[in-house]
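Each chain, letter by letter, is given below.
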Amino acid sequence: MQRYLEYGSFSILPYAGTCTERNRKPFWEVFDKALGTKIIMVSYAALKSDAETYFNVPYKVNTRKISERLDPQRSIDPKIEPYTLFSRGRVYAVCAIDEAHYARTARMTRLAGGELVYLSRTSAGLTATPIVTSPMDVVLLAQMLHIPGFEGEEMNDFRKAYLRAKAREARNAKSRKQTVREFTAVTQGLLTSHANQSPSKEVLREWIAAIRERLVGYVIHRSVHSKDKDGDPIIKLDPWIEVFVPVELNDMEMEVQRKIANQLTADGARLNESGVELAARSNGGAERQTVGGPAAGGPWLRGSLNKGPPGGPTAHGKRAARWPGRGAT
């Protein structure tokens, strides 16, 4: 967003925390005064909290009627009622649900996302993993985005047929004779096509084909190889390169490293080559300490403590700093 939005034309407003008057009232006061196009960055936790506060959520939700609106709470606190994402009069231009697969089974989150879609003129869901456990994941996401063709009995019938097929396979798997026959067929290269087939896979293929048929006019599949209408790559940005520059530690920084190294040695810490954990390793008379490397996202410090000859220990270390930039070497 920082790369593409013109500075001063947009107001980016983070929306987080639980739905209380203390959290929400100041936000909406700032929202009303903000200039330019307003972008609300809502966390899933905040979305769920607002929905649970504002709506009367049914105990059981019929997925075939997911498009039905939720009823507002009749006993909602009047002090908080005007300060939620769903309060009366709210209208949004675009509702973009990033990492939409997180809402595939989260009941309240999915219902809340559906309500935001109702309040928006345009909506979009973004995900790289539309199916995590079964095709029903895609069905629930499509229902949340109000895509036609997913509210009837057909999708539920596919789900039931798939579960029945899986149950039959589980029962058959208990038969040792069947298992040995299939393993033998695969090992000898006989009937391999039959051995790799199963009723549940056949149902899955039919189910996914039906889903694709309904989504063909709504889904855009983008990859690093995607091109625009002119045949040019969509992604034209130069690669982002991080350059690690070693810098000598000063006396104060080295003293901190000595203390950390000594404490790690005393605690018997173990070395993790990825640098994710603080660690120590002993090899004869030498001990080496590594402190939270770049991979860990921790302190940008690496140090070592070497026990030298009987005259006393010597220490040395380097401090790693990073300068991210494009085209650097």
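Residues numbered from 1 in each chain as written. Predicted model: local features only at pLDDT ≥ 70, side-chain atom pairs only at ≥ 80, totals over all residues. Heavy atoms only, no water.

## Some thoughts on the nonpolar core
So, point 1. Grouped together as the largest cluster of nonpolar side chains are 48 residues, with contacts concentrated most on W28, L85, F86, F150, M155, W207 and I211.
So, point 2. Those elements giving two or more residues to this core turn out to be β1 (10-15), α1 (21-33), α2 (44-54), β5 (92-97), α3 (107-118), α4 (136-144), α5 (154-173) and α8 (199-215).
So, point 3. Apart from the residues lying within four places of it in its own chain, the contact partners of L85 are Y15, W28, V42, L47, D50, R90, Y92, L116 and L119. (Core = buried A, V, L, I, M, F, W, Y, C linked by side-chain atoms within 4.5 Å. Buried < 20%, exposed > 50% of the residue type's maximum accessible area, 1.4 Å probe, protein only. Helix = DSSP H or I, 4+ residues; strand = E, 2+ residues; numbered from the N terminus. Contact = heavy atoms within 4.5 Å.)

## Let's talk about the pairing of β5
So, point 1. Here β5 pairs with strand β6 (residues 120-125) via five bridges, running parallel. Directly across from C95, in β6, lies its bridge partner S123. (Pairing = 2+ DSSP bridges.)

## Here's the deal with the side chain of S49
So, point 1. Its location among the elements puts S49 in helix α2.
So, point 2. Look at S49 and you get buried, because its relative accessible area is 14%.
So, point 3. A distance of 2.8 Å separates the side chain of S49 from the backbone nitrogen of C19, its partner in a polar contact.
So, point 4. If we skip the residues at most four places from it in the chain, S49 touches G17, T18 and C19. (Polar contact = N/O pair within 3.5 Å; in protein donor to acceptor, adjacent residues only side chain to side chain.)

## Let's talk about the confidence of the model for the chain
So, point 1. With 68% of its residues at a pLDDT of 70 or more, the chain shows a mean pLDDT of 75.
So, point 2. Ignoring residues within four places in sequence, the model shows residues 275-329, a span with pLDDT below 50, making 129 contacts including any to other chains. (pLDDT = per-residue confidence, 0-100.)

## Observations concerning the packing of α3 against α4
So, point 1. One can describe the packing of α3 onto α4 by two numbers: an axis separation of 8 Å at closest approach and a directional angle of 35°. Taking contact as the criterion, the partners of R110, G113, G114 and V117 in α3 are, on α4, L140, Q143 and M144.
So, point 2. Its residues assigned to classes, the contact of α3 with α4 shows three nonpolar, three polar and one charged. (Axes fitted to C-alpha atoms, helices over the stretch in contact; angles between N-to-C directions. Nonpolar A, V, L, I, M, F, W, Y, C, P; charged D, E, K, R; others polar.)

## Focus: the pattern of salt bridges
Opposite charge on two side chains permits them to pair, given that their charged atoms come into close proximity.
So, point 1. Counted under the stated rule, the structure contains five salt bridges.
So, point 2. Here R24 and D50 are joined by a salt bridge, their closest N and O atoms 2.9 Å apart. Of this pair, R24 sits in helix α1 while D50 sits in helix α2; the two residues are 26 residues apart in sequence, bridging distant segments of the chain.
So, point 3. In this structure, the salt-bridge partner of R214 is E154, at a minimum N-O distance of 2.4 Å. Here R214 is found in helix α8, whereas its partner E154 is found in helix α5, with 60 residues between them in sequence.
So, point 4. The class of R214 is partly exposed, set by a relative accessible area of 22%. (Salt bridge = Lys/Arg side-chain N within 4 Å of Asp/Glu carboxyl O.)

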